[in-house]
Amino acid sequence: MGNKLLFSDGFWLQKHVKCPFLSITYCCKLKTDSQKLCNFAAVKIVRTSFLPFHGFSAVNLLGVLFVHPGVYLSNETMNHERIHSAQQREMLFVFFYLAYVIEWIVRLPMRGNAYRNISFEREAYANQRNLDYLNSRRPYSWRRYMKRARH
Ligand SMILES: [Zn+2]
């Protein structure tokens, strides 16, 4: 994994803190013009083999990204997780997890993959390749993904 992840809205500086069970990476947003730290609470990455559970490579809990050791975090993956962070903030975190679980349960007996068809996931998967998406995203955009499910 490189030292810097480049986004259209600036650089991300990574600082590593290692202890026996966890490897924590702090990603701080840098202003491209002055190269000064402008956002300390951007994304925190915790590498541990305990989270997430089997079958997933990364999970975003309350804005902290839990990743298995050795998993490569592409700009696309980071963008996906940052979209989830935006969703969580606008839903005041607790309502995000409530809505996420309720929608997953409702979609379980339906056709297709219940997890992939959750509207939060559909918004994140549909826009993860557009690294500029969060700069133009309107609040609560996931609502537009509630109607049709295709996966
Ligand atoms: Zn996701």
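Residues numbered from 1 in each chain as written. Predicted model: local features only at pLDDT ≥ 70, side-chain atom pairs only at ≥ 80, totals over all residues.

1. Some points on the overall build of the chain
For step 1, the next point in the chain: Per the secondary structure count, the chain includes 4 helices and 6 strands.
For step 2, the next point in the chain: Its helices and strands in sequence order give the chain the pattern β-β-β-β-β-β-α-α-α-α, from N to C terminus.
For step 3, the next point in the chain: Taken across its 151 residues, the chain has 19% of its residues classed as buried.
For step 4, the next point in the chain: Put simply, 37% of the contacts in the chain that link residues at least 6 apart link residues at least 24 apart. (Helix = DSSP H or I, 4+ residues; strand = E, 2+ residues; numbered from the N terminus. Buried ≥ 20, exposed ≤ 12 C-beta atoms within 10 Å, placed from the backbone. Contact = placed C-beta atoms within 7 Å.)

2. Quick look at the pairing of strand β5 (residues 58-61)
For step 1, the next point in the chain: Pairing between β5 and strand β6 (residues 64-67): 4 bridges, direction antiparallel. Residue pairing for β6: Val59 is matched across the bridge by Phe66.
For step 2, the next point in the chain: Here β5 folds back onto β6, and the loop between the two strands holds 2 residues, one of which, Leu62, carries a positive phi near 55 degrees. (Pairing = 2+ DSSP bridges.)

3. Looking at unusual backbone geometry
For step 1, the next point in the chain: Backbone torsion omega between Leu51 and Pro52 reads -5 degrees, so that peptide bond is classified as cis.
For step 2, the next point in the chain: If you trace the backbone, Pro52 turns up in the loop between β4 (37-47) and β5.
For step 3, the next point in the chain: The backbone of Leu92 shows a phi angle near 55 degrees, a positive value even though the residue is not glycine.
For step 4, the next point in the chain: Within the secondary structure, Leu92 sits in the loop between α1 (75-90) and α2 (94-107).
For step 5, the next point in the chain: Phi at Phe93 is positive, roughly 60 degrees, even though this residue is not glycine.

4. Focus: α1
For step 1, the next point in the chain: For α1, which comprises 16 residues, the first-to-last C-alpha distance of 23 Å matches the rise-based estimate of 22 Å (1.5 Å per residue) to within 8%.
For step 2, the next point in the chain: Along α1, the positions that sit buried rather than exposed are Met78, Asn79, His80, Glu81, Arg82, Ile83, His84, Gln87 and Gln88. (Expected span 1.5 Å × (residues − 1).)

5. Considerations on the environment of Leu134
For step 1, the next point in the chain: Relative to the assigned elements, Leu134 resides in helix α4 (residues 133-136).
For step 2, the next point in the chain: A count of 16 C-beta atoms within 10 Å places Leu134 in the partly exposed class.
For step 3, the next point in the chain: Between the C-alpha atom of Leu134 and that of Asn79, which follows or precedes it by 55 residues, the distance is 8.3 Å.
For step 4, the next point in the chain: Among residues more than four places away in sequence, those in contact with Leu134 are Arg82, Ile83 and Ala86.

6. Notes on the confidence of the model for the chain
For step 1, the next point in the chain: Scored by pLDDT, the chain comes out at a mean of 76, with 69% of its residues at no less than 70.
For step 2, the next point in the chain: When the criterion is pLDDT under 50, residues 1-11 qualifies, and its contacts beyond four places in sequence or with other chains add up to 24 contacts. (pLDDT = per-residue confidence, 0-100.)

7. A look at α2
For step 1, the next point in the chain: The end-to-end C-alpha separation of α2 is 20 Å, in line with the 20 Å expected for 14 residues at 1.5 Å each.
For step 2, the next point in the chain: For α2, a buried count of 1 out of 14 residues is recorded, marking the element as mostly open to its surroundings.

8. A short note on the packing of α1 against helix α3 (residues 119-127)
For step 1, the next point in the chain: Close contact between α1 and α3 brings their axes to 9 Å; oriented N to C, the two are set at 140 degrees. One finds that α1 runs oblique with respect to α3. You can see that α1 and α3 cross each other, and the crossing is right-handed. Facing His80, Ile83, His84 and Gln87 of α1, the residues of α3 in contact are Phe120, Glu123, Ala124 and Asn127.
For step 2, the next point in the chain: Partitioning the contact of α1 with α3 into residue classes produces 3 nonpolar, 4 polar and 1 charged. (Axes fitted to C-alpha atoms, helices over the stretch in contact; angles between N-to-C directions. Parallel < 35°, antiparallel > 145°, perpendicular 65-115°, else oblique. Left-handed = near helix turned anticlockwise from the far one by under 90°. Nonpolar A, V, L, I, M, F, W, Y, C, P; charged D, E, K, R; others polar.)

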